[in-house]
Amino acid sequence: MINILVCDDSVEIVSLISELIESWGKSHNIDFLIDKKTSGEFVLTEGAHLYDIAFIDIEMPGINGLKLAEELQKHNPDILVVVITSFQNYLDDAMRIHVFRYLSKPIDILRFNDNFKDAVKECREVNKSIVIDLKDEVYYVKTKDILYIENLKYGANIITKANKYTTNKKPKEWLSIINQPNCFVYSHNSYVVNLQNVIDFDKSTVTLRKNPSETVTAYMSQRKYKNFKKAFFDFAGGLK
């Protein structure tokens, strides 16, 4: 059972999203437990439940959506947060709380269904791991914990939230093993970045979240910037 939070100060939006989830679930024979809220204040009295997916409006009175998302992530770092807001106004802030997707109001039903399908798939793959075999030691690494892959002359470094692994496989080989083309994108000829952990980027660098208090950077080349930007927007739900 996938647990879902729908939180928006508009009763109509909460009802619409809940109906869309239930309809999608029926057509795919999947059951969801949906918790409907019209305010983020519940985290003060009820605590933060362990939701798998959360649809959150940013512009709510009292505890806004950004604060609510941060509280939910403290209890479940793997929660997939889908922001409901004006993309242009809140992109910078929303990127810093590791948003999975963005939805604009009014809700586009086709876009919602596409993003929700991706969220359900991601929930099922959140513990997807790869095997890194280094001489006499074998490591299991969750793909979501990879920050970037750095090309080396005879292999590649895999930089994760906790460790660095120097391997004899090239980035192209690791991309084939990971098999998540929507998440792992070249920002530079020598760097493959995991969009799941990107919190900012410009034409020279990409900033990634290592943990709540630390970030790391990877290089961005001007030649890769346009394609990287498009890939990020597509990853974020196709919003412009």
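As the structure is a prediction and not an experimental result, all values here were calculated from the model. Numbering of residues starts from 1 in every chain and runs along the sequence as written. Totals for whole chains, interfaces and linings use every residue, but because this is a predicted model, local features are given only for residues with pLDDT of at least 70 and side-chain atom pairs only at 80 or more, for both listing and counting. Working from all heavy atoms in the structure, the side-chain values ignore hydrogens and water.

Caption draft 1: Up close: the pattern of salt bridges. What makes a salt bridge here is a side-chain nitrogen of Lys or Arg within 4 Å of a carboxyl oxygen of Asp or Glu, nothing more. Inspection of the entire model under this criterion finds ten salt bridges. Linking Lys74 and Glu71 is a salt bridge whose minimum nitrogen-to-oxygen distance equals 3.1 Å. Of this pair, Lys74 and Glu71 both sit in helix H3 (residues 65-75), three residues apart, which is roughly one turn of the helix. Remark: exposure states derive from per-residue accessible area (1.4 Å probe, protein chains only) relative to the maximum for the residue type, with buried under 20%, exposed over 50%, and partly exposed in between. The exposure class assigned to Lys74 is exposed, which follows from its relative accessible area of 60%. On the basis of relative accessibility, which here comes to 18%, the residue Glu71 falls in the buried class. With a closest N to O distance of 2.8 Å, Asp234 and Lys230 form a salt bridge. Going along the chain from the N terminus, every DSSP run of H or I of four or more residues is numbered as a helix, and every run of E of two or more is numbered as a strand.

Caption draft 2: The arrangement of the state of the cysteines in detail. When two cysteine sulfur atoms lie within 2.5 Å, the pair is treated as a disulfide. The tally for this structure, following the rule as stated, stands at zero disulfides. Cysteine Cys7 is unpaired, with the sulfur of Cys123 as its nearest cysteine sulfur at 18 Å. For Cys7, a relative accessible area of 0% gives the class buried. Free cysteine Cys183: the closest other cysteine sulfur is in Cys123, separated by 13 Å. When its relative accessible area of 6% is taken as the criterion, Cys183 is described as buried.

Caption draft 3: Main features of a nonpolar patch on the surface. Together, Val131, Val138 and Tyr140 give the surface a local cluster of nonpolar side chains, amounting to about 320 Å² of exposed area. Take Val131: it is sitting in strand E6 (residues 129-134). In this structure Val131 comes out as partly exposed when scored by relative accessible area, which is 41%. For patch detection, residues must exceed 30% relative accessible area and be free of salt bridges, and they are connected within 9 Å for like charges or within 5 Å for nonpolar side chains (Val, Leu, Ile, Met, Phe, Trp, Tyr). For the accessible areas, the method is Shrake-Rupley and the probe is 1.4 Å, while residue cover comes only from the protein chains on display.

Caption draft 4: Spotlight on the environment of Leu20. Structurally, Leu20 can be placed in helix H1 (residues 11-28). For Leu20, a relative accessible area of 12% corresponds to the buried category. As a C-alpha pair, Leu20 and Cys123 span 103 residues in sequence and 18 Å in three-dimensional space. Whether two residues are in contact is decided by their heavy atoms, any of which lying within 4.5 Å being enough. When sequence neighbours within four positions are dropped, the list of residues in contact with Leu20 reads Ile107, Ile109 and Phe112.

In short, the description is geometric, and any link to function would need to be established separately.
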